[in-house]
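Take a look at the letters that make up each chain.
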Amino acid sequence: MTGAHKRYDAARRETVRYHEELYTSKALGEPGSWLARPHRLLADALAHLPCRGPVIAYDLGAVRSLLNRIEAALRPGGVAAIAIVADRFEVTEDGRRRPALLESEISSRDADRLLREVFGGYDVIKTERKPTEVAETRDGERYALRSTLVSWLAVKPRR
């Protein structure tokens, strides 16, 4: 196995570990937790829906083929609410900055470019970049996972 494959496998294991811990650590709607209420981007998106029918939300990551599929599936007047975690890195307790252990990574600049390319003709309602930081522990070591949350809300034109 090559070094790149080993790093990817380690990053994949870390992603699975992180999400299992993240989603089992708090109950949906638990006061004071990150699951206390829906993300603001989803609430903003609901306000722009033309009807009150079913809503489907996906946690996909920023992959062009998936974004292309979303774009193709949206009907005229459909709302795209997308949040991409970009620019991720870790900061150790002694202040050292290191790359985050990720399966895939994207910069906020690339995320913006990708959204413009895939959803170019959409009526953009909101774009936002927000720095985020989460305290994490892996293998007994505490560190901060820092990133930029790129939020994007747009409506497909009614042709």
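Small disclaimer: the values here were computed from a predicted structure and weren't measured. (Residues numbered from 1 in each chain as written. Predicted model: local features only at pLDDT ≥ 70, side-chain atom pairs only at ≥ 80, totals over all residues. Heavy atoms only, no water.)

Here the focus is helix H1 (residues 3-25). Over its 23 residues, H1 extends 33 Å from the first C-alpha to the last, a length consistent with the 33 Å expected when each residue adds 1.5 Å. When H1 is considered as a whole, its buried residues turn out to be Ala-11, Glu-14, Thr-15, Tyr-18 and Leu-22. Check the buried side of H1 and you find it contacts strand E3 (123-138) and strand E4 (141-155). (Helix = DSSP H or I, 4+ residues; strand = E, 2+ residues; numbered from the N terminus. Expected span 1.5 Å × (residues − 1). Buried < 20%, exposed > 50% of the residue type's maximum accessible area, 1.4 Å probe, protein only. Contact = heavy atoms within 4.5 Å.)

What follows covers the pattern of salt bridges. All told, the structure shown has 12 salt bridges when counted by the stated rule. Measuring nitrogen to oxygen at the nearest pair gives 3.4 Å for the salt bridge that ties Asp-94 to Arg-96. With relative accessibility at 46%, the residue Arg-96 sits in the partly exposed group. When the shortest N-O distance is used, the salt bridge between Arg-129 and Asp-112 registers 2.2 Å. With Arg-129 in strand E3 and Asp-112 in helix H4 (residues 108-118), this pair connects stretches of sequence that are 17 residues apart. Through salt bridges that share partners, Glu-14, Glu-90, Arg-98, Arg-138 and Glu-141 make up one connected network. (Salt bridge = Lys/Arg side-chain N within 4 Å of Asp/Glu carboxyl O.)

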